[in-house]
Structures are given as structure tokens and as C-alpha cells.
Amino acid sequence: MTEISPAFVAVVTLLFGAAIGSFLNVCIYRLPLHESVVFPASHCRTCATPLTWYDNLPLMSYVLRQGRCRFCGTAFSSRYFLVELLTALLAVALVSRFGLTITAVGYFVFSAALIVITFIDLDYQIIPDVVSLPGTVAGVLFSIVSPDLSLWNSLTGLAVGAGVLLAVALGYRAATGREGMGGGDVKLLAMIGAFLGWRAVPFTLFSASFIGSVFGIAAMVRTNADSKLALPFGPFLSFGALCYLFFGEQLIAWYFGLL
Ligand SMILES: [Zn+2]
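Residues numbered from 1 in each chain as written. Predicted model: local features only at pLDDT ≥ 70, side-chain atom pairs only at ≥ 80, totals over all residues. Heavy atoms only, no water.

A. Representation of the overall build of the chain in the model. When helices and strands are counted, the chain shows 9 helices and 0 strands. Along the chain, helices and strands appear, N-terminal first, in the series α-α-α-α-α-α-α-α-α. At 20 Å, the chain has a C-alpha radius of gyration in line with the 18 Å of a compact globule built from 259 residues. For the chain, the C-alpha atoms occupy an extent of roughly 60 × 55 × 35 Å along the three principal directions. Put simply, the chain has 259 residues, and 40% of those count as buried. In the chain, once contacts between residues fewer than 6 apart in sequence are set aside, the share between residues at least 24 apart is 68%. (Helix = DSSP H or I, 4+ residues; strand = E, 2+ residues; numbered from the N terminus. Rg over C-alpha atoms; globule rule 2.2 N^0.38 Å. Buried < 20%, exposed > 50% of the residue type's maximum accessible area, 1.4 Å probe, protein only. Contact = heavy atoms within 4.5 Å.)

Encoded structure:
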């Protein structure tokens, strides 16, 4: 059997990732509006002209049309391009880390869910159950087929993820009488635990809180606002989870090496 060249695998993975990213854009836009992600086909939101396949080429159409509708010239948000690029790069990173394996496929599904959750949370400050709940089930199923995650680790991850944030949310409410953390964050951390195992939960919470605080302070300084400014936590949890996926074991080993 002839070897498949790594460069060929990388290019195919990149294109596949970008195509999935294009679908994730549809999910990000339509899920919060409770619209179907399948019908109708993509169309320009200004002139309603349906996009043909060559208007819909991931990454390339955006560059070729300079981010504008071919019919009416309306500028599309550069976020479409960003989401496609991010998804494509994550696909390549996962395949280069895990090879063409079931683990890479499972973590690509996980990453795709995190991307959708991140951008919907940024727009609406909600984390849709329609992503996080099936995502949690997917994490448990993934542990059954992947040699890299045991079922026990997935289930304890799910329980620790849901339990820790639920305790924090209930404690916050008992202490202040206000809702601090949304239930969406609880379900997201349960999904993260189900996909990455229980060790990922404290790591993700710690790194998300740390990065979130840095962003929060920067935003407060810039806008001169008081501490009531609510930052969505989902994007930081998602970022923390991806950090654990790629670097978690090394970072934990490094940290305990310091002690
Ligand atoms: Zn148009």
C-alpha cells in the first residue's frame, strides 16, 4: 500500500473543516431563532437571493467576493470567515495530534459544539440546550468507542462538571439572593467533563475564571463601567476546554513539577 502524503491529508482536512465551519455559521445564526438549520438554503439577508454553490465555497467565496453579496453588494460579517477558518484549523490540529482516528473525529465534534456555543453565547448570553445536552450524551458515547477516554472517566467528568458549577450557582444565590451563573454554564461544563474526563473540570474552571477576570478587568477599565457588566462565561469555558484538550496534561505536569 502506498503512503498517503501528510500534506495531502492536511489539505483535505482543512477543506473538510472549512465546509463544516460553513455549516456551523448556519447553526450559530439560526439555532437561537429556532429556525431549521437545513431549510431553506443559505440566502443573502438583504436581497434574499439564494446563494449558489460557488457563492458558498468555504473560505474562498468570502475572499473572492471580498466579503460582499454578489447581487446587492451588502457586506457580510467577517465572522463567517473567522468561524470557517477556526473550524478548519482545529480540524488540522486534531488530525496532526491524534491522527486519522476515532479520537480525532470525536474531538472534532466536541470542538464544533464549543464553537457554536461560544458565538451564540457572545450574541445572546445563552447557551442553547439543543447543543449542550446532545453534546453531553455524545461525550459519553465517545468514551465507549475511543481508546483515549474511559467510560468511568467520562461519567465522573459529567458528574463533577455539573455538580461543581451547580454548587457554585446555588451558593451564590444563597449568599446574594441574585442569579450569578446561568444553568447553561452548568450544562456546558457537564459536556466538557463528559468529553475530557474529570481532571479537565478544575483545569477548565480555573483557566476560564482567570482569563475571564483579565478580560473583565480590561473591559471595566476601558468602559469605566462598574462590576455589574456581565460577560458571557461560555466562551472562556470553551477556550479553557480546548487548552486542556491540547496542552492540559503537559500544563498539569509542569505545574506540579514546580511544587
Ligand atoms: Zn444580497
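B. Spatial organisation of a nonpolar patch on the surface. A cluster of nonpolar residues, Ile 102, Val 105, Val 109, Val 137, Leu 141, Ile 144, Val 145, Leu 151 and Leu 155, forms a patch on the protein surface that exposes about 790 Å² of accessible area. Mapped onto the nonpolar patch, the elements with two or more residues apiece are helix 4 (102-124), helix 5 (129-145) and helix 6 (151-176). The greatest single-element share of the nonpolar patch, amounting to 4 residues, is contributed by helix 5. As for its placement among the helices and strands, Val 109 is situated in helix 4. (Patch = residues over 30% accessible without salt bridge, like charges linked within 9 Å, V, L, I, M, F, W, Y side chains within 5 Å. Areas by Shrake-Rupley, 256 points an atom, 1.4 Å probe, with all protein chains shown as cover. Salt bridge = Lys/Arg side-chain N within 4 Å of Asp/Glu carboxyl O.)

C. Fine view of the coordination of the zinc ion. Surrounding the zinc ion are the protein donor atoms Cys 44 (SG), Cys 47 (SG), Cys 69 (SG) and Cys 72 (SG), at 2.3 Å. If you look at the zinc ion, its 4 donor atoms make angles of 107 to 115° with each other, and the shape they trace is tetrahedral. Counting along the primary sequence, the residues that act as donors to the zinc ion give the motif C-x2-C-x21-C-x2-C. Linking Cys 44 in the loop between helix 1 (6-30) and helix 2 (60-64) with Cys 69 in the loop between helix 2 and helix 3 (78-98), this pair joins segments that are 25 residues apart in sequence. Like Cys 69, Cys 44 is buried. (Donors = N, O, S within 2.8 Å, 3.2 Å for Na, K, Ca; no water. Tetrahedral: all angles 85-135°; square planar, octahedral: opposite > 155°, others 65-115°.)

D. Spatial organisation of the pattern of salt bridges. Summed over the entire model, instances satisfying the criterion amount to 3 salt bridges. Put simply, Asp 123 and Arg 79 hold a salt bridge, and the shortest N to O gap is 2.9 Å. Residue Asp 123 is located in helix 4, and its partner Arg 79 is located in helix 3; the two are separated by 44 residues in the primary sequence. Judged by its relative accessible area of 39%, Asp 123 is partly exposed.

E. Expanded view of the packing of helix 6 against helix 7 (residues 183-196). Contact geometry for helix 6 and helix 7: axes closest at 6 Å, N-to-C directions at 160°. By the angle between their directions, the pair helix 6 and helix 7 is classed as roughly antiparallel. As helix 6 runs across helix 7, the sense of the crossing is right-handed. Each of Asn 153, Ser 154, Gly 157, Leu 158, Gly 161, Ala 162, Leu 165 and Leu 166 in helix 6 lies in contact with helix 7, whose residues at this interface are Asp 185, Val 186, Leu 189, Ala 190, Gly 193, Ala 194 and Leu 196. Its residues assigned to classes, the contact of helix 6 with helix 7 shows 9 nonpolar, 5 polar and 1 charged. (Axes fitted to C-alpha atoms, helices over the stretch in contact; angles between N-to-C directions. Parallel < 35°, antiparallel > 145°, perpendicular 65-115°, else oblique. Left-handed = near helix turned anticlockwise from the far one by under 90°. Nonpolar A, V, L, I, M, F, W, Y, C, P; charged D, E, K, R; others polar.)

F. Geometry of the layout of surface pockets. Taken as a whole, the second largest pocket holds about 650 Å³ of empty space. Around the second largest pocket, the lining comprises 31 residues; the ones closest to its centre are Ser 42, Arg 45, Leu 51, Phe 76 and Tyr 80. For the lining of the second largest pocket, the secondary structure elements donating two or more residues are helix 1, helix 2 and helix 3. The residue makeup of the lining of the second largest pocket, split by class, is 13 nonpolar, 10 polar and 8 charged. (1 Å grid on protein atoms, 1.4 Å probe; cavity = no way out; pocket = protein on both sides within 12 Å on 5 of 7 lines; lining within 4 Å. Points joined across faces, edges and corners; volume = space filled by probe spheres on them.)

G. Up close: the nonpolar core. Counting 46 residues, the largest nonpolar core has Phe 110, Ile 192 and Leu 196 as the members making the most contacts within it. Those elements that provide at least two residues to this core are helix 1, helix 3, helix 4, helix 5, helix 7, helix 8 (200-223) and helix 9 (234-258). Considering each element in turn, this core owes the most residues, 11 residues, to helix 4. Apart from residues lying up to four places away in sequence, Ile 192 is in contact with Phe 110, Leu 114, Gly 197, Thr 204, Leu 237 and Ala 241. (Core = buried A, V, L, I, M, F, W, Y, C linked by side-chain atoms within 4.5 Å.)

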